[in-house]
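# Observations on chain architecture
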Amino acid sequence: MTARFLDEDNDLAHLEVIPGRPGGVKAVDLPILHGTMGPAVLDIRKLYSETDCFTYDPGYTSTASCESKITFIDGEKGILLHRGYPIEELAENCSFLQVAYLLMEGEIPTEEEYQTFVKNITFHTMVHEQLRDFYRGFRRDAHPMAVMLGVVGALSAFYYDSLDIRDQRQRMIASHRLIAKMPTIAAMAHKYSIGQPFMYPQNDLGYAENLLYMMFATPTAPFKVNPVVARALNKILILHADHEQNASTSTVRLTGSSGANPFACIAAGIACLWGPAHGGANEAVLNMLTQIGHKDRIPEFIKRAKDKNDPFRLMGFGHRVYKHYDPRASVLRKVCQEVLEELDYHGEPLLELAKELEKIALEDPYFIEKKLYPNVDFYSGIILKAIGIPTCMFTVLFAVARTVGWIAQWMEMIGDPSQKIGRPRQLYTGHTLRHYRLSSPRGV
Ligand code: CMC
């Protein structure tokens with residue numbers, strides 16, 4: 001089969017498919033769509049019905065799966081915008097809940113809108129008391145992401161009055177519940193793993209402060225959240241809030257496309273995020289730095305990362321979309337420095353090691369040619385470690401932050417009239433038809 005473009009203008013691509021099988025030439029005019037920014041998009045929806053032909057794109061490297069107004073990334077230039085605003089400006093000036101409102105509603109909230117939103121969220125910060133018993137079913141040494149998966153999935157068993165996705169009010173309540181309860185659920189996963197009592201949320205604290213409070217306070221002593229640490233966590237949460245159609249967001253959209261309830265969709269997102277190629281990378285970076293141990297061993301690990309026969313990769317490096325320094329990593333590099341200074345971590349060996357590793361990798365022809373730069377996970381782990389968050393909780397905090405992005409994208413999908421159940425096709429390379437024979441060597 002061959003395919004060629006015969007004619008192309010700004011709005012239409014004429015495609016002729018000449019199949020290798022009988023049937024003759026099939027032609028189709030495919031609309032070319034233009035977003036407000038980013039490359040043009042070839043609308044192939046009619047391709048199969050008119051040419052009997054699928055497209056093949058494992059990993060979706062050339063495929064736009066939806067239309068969205070939420071986040072824009074220019075990977076070549078290292079630009080990330082939420083609703084048009086640069087991530088650097090949002091991280092510098094906003095609270096996490098302002099960014100959550102922006103992602104969900106499309107605008108930075110006015111003071112009045114913000115106060116109402118904060119009230120709606122804080123109203124839902126507690127979890128059903130019976131959820132405590134649910135935690136007791138887990139082993140104490142379980143990975144907190146495993147606990148998150150189970151507990152968030154179980155929310156649909158506790159909050160069945162907000163499961164009807166056709167009801168706009170129920171959708172909103174479920175969204176508020178998820179954003180509000182994620183820090184509580186995350187902190188409970190941590191407390192459970194270390195055998196300390198769960199702490200109730202404090203609604204007079206900000207989102208990041210409250211999360212720190214629930215993780216680190218105990219009922220036996222007063223606890224004051226360090227404002228520098230709270231500000232750093234606020235920035236980390238903002239930087240992780242949304243990232244266009246990444247693997248976990250696409251998972252949430254795909255799960256939601258069948259009409260699944262929002263709690264189930266977010267649990268699916270958590271499952272996808274856990275992988276080391278995605279959100280699990282922040283934990284993997286810290287494990288890698290610990291494994292490297294000393295800067296003298298960096299060349300050995302760089303060599304391994306370049307060796308095609310070695311599965312080792314430099315964690316926190318590379319990105320499907322960014323072929324430039326990840327803008328989130330630039331912000332975090334600075335935050336990292338501030339937090340370590342505030343906490344008197346001068347000369348923290350892991351930070352020194354990370355900077356040296358970054359420098360060596362950025363000068364190495366392999367990383368230069370493949371455009372592999374540090375990504376958001378490279379520095380976030382060091383900050384989280386410095387503020388006392390255990391390594392196994394890193395991806396959990398990523399999930400807390402990304403929940404607002406997942407929800408904003410899920411709500412956008414539900415409101416999209418062109419939305420259909422997600423159902424990719426395949427290039428089948430298995431057996432052609434064959435019949436079961438009793439006498440064959442594999443017959444029973
Ligand atoms: N170390 C060494 N080589 C790498 C790395 C790396 N970290 N990343 C990519 N490469 C090489 C890869 O071997 C391939 O080489 P070749 O063309 O010779 O086969 C080339 O670069 C392209 O890589 P790819 O795997 O085809 O690219 P991808 O877009 O499918 O993968 C990625 C992107 C993020 C999964 C990958 O860069 C990676 O595994 N990085 C390490 C894990 C990581 O830091 N993940 C966090 C991503 S950012 C936050 C998030 O999404 O949650």
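First things first, this report covers the structure right here in the doc. (Residues numbered from 1 in each chain as written. Predicted model: local features only at pLDDT ≥ 70, side-chain atom pairs only at ≥ 80, totals over all residues. Heavy atoms only, no water.)

## Brief notes about a negative patch on the surface
Heads up, the rule is: Exposure above 30% relative accessible area and the lack of any salt bridge qualify a residue for a patch; like charges then connect within 9 Å, and the nonpolar side chains Val, Leu, Ile, Met, Phe, Trp and Tyr within 5 Å. Residue burial considers only the protein chains on display, and all accessible areas are found by Shrake-Rupley using a 1.4 Å probe. For this analysis, a salt bridge means a side-chain nitrogen from Lys or Arg found within 4 Å of a carboxyl oxygen belonging to Asp or Glu. Under this rule, positive means Lys or Arg and negative means Asp or Glu; His and the chain ends count for nothing. Charged groups are reduced to one reference atom each: NZ for lysine, CZ for arginine, CG for aspartic acid, CD for glutamic acid. Numbered from the N terminus, helices here are DSSP runs of H or I no shorter than four residues, and strands are runs of E no shorter than two.
Together, Glu105, Glu107, Glu112 and Glu113 make up a negatively charged patch on the protein surface. Locating Glu113 in the fold gives a position in helix H4 (residues 111–122).

## Some thoughts on the packing of aromatic side chains
Inclusion rule: Think of it this way: a Phe, Tyr or Trp ring, Trp meaning its six-membered ring, pairs with another when their centres are within 6.5 Å, and the plane angle makes it stacked under 30 degrees, edge-to-face over 60, tilted otherwise. For each residue, the accessible area found with a 1.4 Å probe, counting protein chains only, is set against the maximum for its type, and the residue is called buried under 20%, exposed over 50%, and partly exposed in between.
Enumeration over the complete set of coordinates arrives at 13 aromatic pairs. Note on Phe301 and Phe312: the rings are 5.5 Å apart at their centroids and 70 degrees apart in plane angle, and the pair reads as edge-to-face. Placement of the pair is Phe301 in helix H13 (residues 298–306) and Phe312 in the loop between H13 and helix H14 (327–342), with a sequence separation of eleven residues. With relative accessibility at 12%, the residue Phe312 sits in the buried group. Measuring from centroid to centroid gives 5.7 Å for Phe317 and Phe367, while their planes differ by 75 degrees, and the two rings are edge-to-face. Of this pair, Phe317 sits in the loop between H13 and H14 while Phe367 sits in helix H16 (residues 365–369), and the two are 50 residues apart along the sequence. Of the residues examined, Phe367 reaches a relative accessible area of 3% and is grouped as buried.

## Considering the pairing of strand S3 (residues 26–33)
Under the convention used in this document: DSSP calls a pair of strands paired once it identifies at least 2 bridges connecting them.
Looking at chain direction, strand S2 (residues 12–18) and S3 are connected through six bridges and run antiparallel. Bridge pairing links Leu15 to Val28 in S3. Direction of pairing for S3 relative to strand S4 (residues 41–42): antiparallel, over a ladder of two bridges. Residue pairing for S4: Ile32 is matched across the bridge by Leu42.

## Examining H13
Inclusion rule: It is the directions from the helix axis to the C-beta atoms that the arc portrays.
For H13, every residue scored as buried is listed here: Ile298, Phe301, Ile302 and Ala305. Around the axis of H13, the buried residues are gathered within 105 degrees of arc, so they sit on the same side.

## What about the side chain of Asp74?
Formally: The definition of a polar contact used here is a pair of N or O atoms within 3.5 Å, where within protein one atom must be able to donate a hydrogen and the other to accept one, and adjacent residues in sequence count solely through side-chain atom pairs.
Inspection of the secondary structure puts Asp74 in strand S5 (residues 71–74). Since its relative accessible area comes to 18%, Asp74 is described here as buried. There is a polar contact of 3.1 Å between the side chain of Asp74 and the backbone nitrogen of Lys77.

## Section: unusual backbone geometry
The backbone of Arg83 sits at a positive phi, close to 50 degrees, despite the residue not being glycine. With respect to the helices and strands, the residue Arg83 is situated in the loop between strand S6 (79–82) and strand S7 (85–86). Looking at Arg83, the relative accessible area reads 23%, which means it is partly exposed. Look at Lys371: it is not a glycine, yet its phi comes out positive at around 55 degrees. Relative to the helices and strands, Lys371 resides in the loop between H16 and helix H17 (377–386).

## Quick look at helix H6 (residues 144–158)
Defined as follows: Between the first and last residue of a helix there are one fewer steps than residues, each counted as 1.5 Å, and that sum is the expected span. The criterion used for residue contact is that any of the two residues' heavy atoms lie within 4.5 Å.
Here H6 is 15 residues long and its end C-alpha atoms lie 20 Å apart, about the 21 Å a rise of 1.5 Å per residue gives. The set of residues buried in H6 consists of Pro144, Met145, Val147, Met148, Val151, Val152, Ala154, Leu155, Ser156 and Phe158. Those residues of H6 that are buried are in contact with helix H5 (131–136), helix H7 (168–194), helix H11 (262–273) and helix H18 (394–414).

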